[in-house]
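Topology and contacts: notes
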Amino acid sequence: MFRKVLIANRGEIAVRVMRSLREMGIRSVAVFSDADRTSMHVRMADEAEHIGPSPSAESYLRIDRILDAARKHGAEAIHPGYGFLSENAEFAAACEDAGIVFIGPSAQSIRAMGSKTAARRTAIAAGAPVVPGADHATTLEETREFAGSHGFPILLKAVAGGGGKGMRRVDAEGELESAYRNASSEAERFFRDPAIYVEKLVERPRHIEIQVIGDRHGNMVHLGERECSIQRRHQKVMEECPSPLVVLHPEMRQAMGEAAIRAACAAGYYNAGTVEFLVDEKRRFYFLEMNTRLQVEHPITELVTGLDLVKLQVEIAAGARLHLRQEQIEWRGSAIECRIYAEDPYNDFLPFPGKITRLTRPMGPGVRVDGCMYDGWTVPMEYDPLLAKLVVWAARREEATDRMIRALSEYDVGGIRTNIGFFRQILEDAGFRAGHLHTGFIEEFFARHRKPLPPRDLAEVAALTAVLHTLARNGSAAEPRTARGPSPWLAAGRSDLLR
Ligand code: MV4
């Protein structure tokens, strides 16, 4: 086993990786930019190395500086986390060339899944179902021919794809040409590759993904699905395991799991990976793409399967055999994750970095927080504003939902704006509670509910709160359905008294 591992990342995932390393008796090396001098991953590491200025292009994306840091500190392996260099085939290859183990798949597997059309060809060769579409880049004329034979609506996608960039829905012939040009120039801008291909559009799909893990000796298992349909502008907001749809149709887990393993094996995959599927309203599923890294939402799978995915990644990277057989994997209970962001729900969810002046974290039964916040820390504005992942587990979905509402009510982050208050609205939504999810859920949710609005006048709000509080105390106001705990005003007053 390794004695020392460098984490080529920051924030909550760097902290998450260090926790498993510490349990395994492995020393951790943090890397940090100027903006992260006082960040929690640096505090938590056994050793740390400064790798450059704040912009990630000059620090967390610098392969040369990260390898220098690994050599200087004698790290035998590098964990890339997610984002940054985690799906960079060049980085994986450079690690191996430097004699340092990349804790992830081979550079070849990353490449095989990086191009969305190559990924489709791999899935097709493996016998996994894909959405009708092209398996090579298509010209405008070829795209038109596809629409002619398959009909509208179609979806144009970037070959270098991901994250919905360079994606355009087209409903009629008249829109095709300008949509194609726009998609292509957006793809050029984001990926420096203008190539576009076409698929038939799947309406109101669910996004369900399968976690796989395999070793370097050809063993692979799937760890079941995660339901990730609650997302906003291609950014996941809340995820759960198991999927409420798969719970009703348990045969889907085995069918999607087998398809995921076949696709991953066809790419010669090892380490942890995720195969994404779209599921249509008739419950047919289609391979979408494969993420060749540990995902943000991996904790919900850990809570339901009882496994430590980071520990497994490290063991596999060190050459160990996977000792899990598929029949041994069990799924117990229900887990939900909320992604806590420093963003302003009252202002179109714009990032809201700043100094944290007050912090109380949820605790108690079934609660896990993977985070990187501390009281007094300034959230840097240079990076993704993910602060923490609040994850709960309970025996049943309904209990997990109530537990999440309870945990959110305990969360108190002062000094910055966060999306914490926004989750309760979703968790209390009848459609969510019934498990009726699809990728347009949040958009429709905003159409049904009013968007959250900022208090127009805080004094008015305070007066109203005082009135409501008095009414509640006199027992003339109806009790809310779920226990909400003390109001934020009352809580703030109490914590001032305790100072
Ligand atoms: C689709 C689709 C419907 N039909 N493909 C979005 C990003 C990406 N990498 C693929 N995406 C989609 N592909 C076909 N043929 C709908 C989406 C999609 C989506 C997928 C997963 C999670 C959230 C989504 C939100 C909007 C659209």
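This text follows the structure it describes.
A brief report on the enclosed structure follows. (Residues numbered from 1 in each chain as written. Predicted model: local features only at pLDDT ≥ 70, side-chain atom pairs only at ≥ 80, totals over all residues. Heavy atoms only, no water.)

**With respect to a nonpolar patch on the surface**
Rule in force here: For patch detection, residues must exceed 30% relative accessible area and be free of salt bridges, and they are connected within 9 Å for like charges or within 5 Å for nonpolar side chains (Val, Leu, Ile, Met, Phe, Trp, Tyr). All accessible-area figures derive from a Shrake-Rupley calculation using a 1.4 Å probe, and residue coverage is judged against the displayed protein chains alone. Should a side-chain nitrogen of Lys or Arg be within 4 Å of a carboxyl oxygen of Asp or Glu, the pair is scored as a salt bridge. For the purposes of this entry, the term helix denotes a DSSP run of H or I that reaches at least four residues, the term strand denotes a run of E that reaches at least two, and both are numbered from the N terminus.
A surface patch of nonpolar side chains, about 260 Å² in accessible area, is lined by Val467, Leu468 and Leu471. Mapped onto the elements, Leu468 comes out in helix α17 (residues 458-473).

**Regarding helix α7 (residues 140-150)**
Helical geometry: 3.6 residues make up each α-helical turn, so side chains three or four residues apart lie on a common side. The condition is simple: Buried means the residue's accessible area, taken with a 1.4 Å probe over protein chains only, is under 20% of the maximum for its type, while exposed means over 50%, and partly exposed covers the values in between. Arc, as used here, means the arc of the directions from the helix axis to the C-beta atoms. Contacts between residues were defined by any pair of non-hydrogen atoms, one from each residue, lying within 4.5 Å.
Taken residue by residue, α7 has Leu140, Thr143, Phe146 and Ala147 as its buried positions. Along α7, the residues classed as buried sweep out an arc of 120° about the axis, all on the same side. Turned more than 90 degrees away from the buried face of α7, the exposed residues are Glu145, Gly148 and Ser149. The secondary structure elements touched by the buried residues of α7 are β6 (154-158), α8 (173-191) and β8 (196-200).

**Side note on the environment of Ile124**
With respect to the helices and strands, the residue Ile124 is situated in helix α6 (residues 116-125). Relative accessible area serves as the criterion here: at 39%, Ile124 is assigned to the partly exposed category. A sequence separation of 27 residues divides Ile124 from Gly151, and the C-alpha atoms of the two residues are 22 Å apart. Apart from the residues within four sequence positions on either side, Ile124 is in contact with Val130 and Asp135.

**Here we look at the environment of Glu239**
By secondary structure assignment, the location of Glu239 is in strand β11 (residues 235-241). Residues Glu239 and Val314, spaced 75 residues apart in sequence, show a C-alpha to C-alpha distance of 25 Å.

**Observations concerning the side chain of Asn9**
Relative to the helices and strands, Asn9 resides in the loop between β1 (4-7) and α1 (11-23). For Asn9, a relative accessible area of 2% corresponds to the buried category. Leaving out residues up to four positions away in the same chain, Asn9 has contacts with Ala14, Val31, His41, Tyr60, Pro80, Gly81, Tyr82 and Phe84.

**Notes on the packing of aromatic side chains**
For the record, the criterion: Aromatic pairs are defined between Phe, Tyr and Trp rings, using the six-membered ring for Trp, whenever the two ring centres lie within 6.5 Å; interplanar angles under 30 degrees are classed as stacked, those over 60 as edge-to-face, and all others as tilted.
Enumeration over the complete set of coordinates arrives at 14 aromatic pairs. A ring pair is formed by Phe349 and Phe446, whose centres lie 6.1 Å apart and whose planes are at 50°; its orientation type is tilted. Residue Phe349 is found in the loop between β15 (343-344) and β16 (350-351), and its partner Phe446 is found in helix α16 (residues 441-448); the two are separated by 97 residues along the sequence. By the burial criterion, Phe349 is buried, and Phe446 matches it. With a centroid separation of 6.5 Å and an interplanar angle of 80°, the aromatic rings of Phe422 and Phe445 are classed as edge-to-face.

**What about the site of the ligand?**
Here is the rule: For each residue, the test is whether any non-hydrogen atom lies within 4 Å of the molecule or strand; if one does, the residue is near. Under this definition, polar contacts are N or O atom pairs within 3.5 Å; protein pairs additionally need one hydrogen-donor-capable and one acceptor-capable atom, and for neighbouring residues in sequence, both atoms have to be side-chain atoms.
Around the ligand, the surrounding shell holds 16 residues, and the nearest of these are Lys157, Glu199, Lys200, Val202 and Glu289. Within the side chain of Glu199, one N or O atom sits 2.8 Å away from a nitrogen atom of the ligand. Note that a nitrogen atom of the ligand is positioned 2.9 Å from one of the backbone N or O atoms of Val202. In isolation the ligand offers 520 Å² of accessible surface; the protein chains occlude 88% of this area. Within the residue set of the shell around the ligand, elements represented by two or more residues are β6, β8 and β13 (285-291).

**What about the pattern of salt bridges?**
Side-chain pairing between opposite charges can occur once the charged atoms of the two side chains come close. This model, assessed by the stated rule, comprises 47 salt bridges. In this structure, Glu203 and Arg169 form a salt bridge, with 3.5 Å as the shortest nitrogen-oxygen distance. In this pair, Glu203 sits in the loop between β8 and β9 (206-214) while Arg169 sits in strand β7 (residues 168-170), placing the two residues 34 residues apart along the sequence. Looking at Arg169, the relative accessible area reads 40%, which means it is partly exposed. Because the salt bridges share partners, they merge into one network encompassing Glu209, Arg226, Lys236, Glu239, Glu297, Glu337 and Arg339.

**Here we look at the sheet that holds β13**
For the record, the criterion: Here, a strand pair is defined by DSSP locating no fewer than two bridges between the strands. Interaxial angle, 0 to 180 degrees, is taken between N-to-C directions of lines fitted to C-alpha atoms, where a helix line uses only the stretch in contact.
Sheet architecture is open: eight strands sit in the order β13-β12-β9-β10-β11-β14-β21-β19, paired in antiparallel fashion. Two strands lie at the open edges of the sheet, namely β13 and β19 (367-371), each paired on one side alone. Geometrically, the sheet is characterised by an average inter-axis angle of 25° between neighbouring strands, direction not taken into account. For β9 and strand β10 (residues 220-232), the ladder comprises six bridges, and the chain directions are antiparallel. Within β10, the residue paired with Ile208 across the bridge is Glu227. Relative to the sheet, helix α12 (residues 309-317) contacts β9, β10 and β12 (271-279), its axis offset from that of β9 by approximately 40°.

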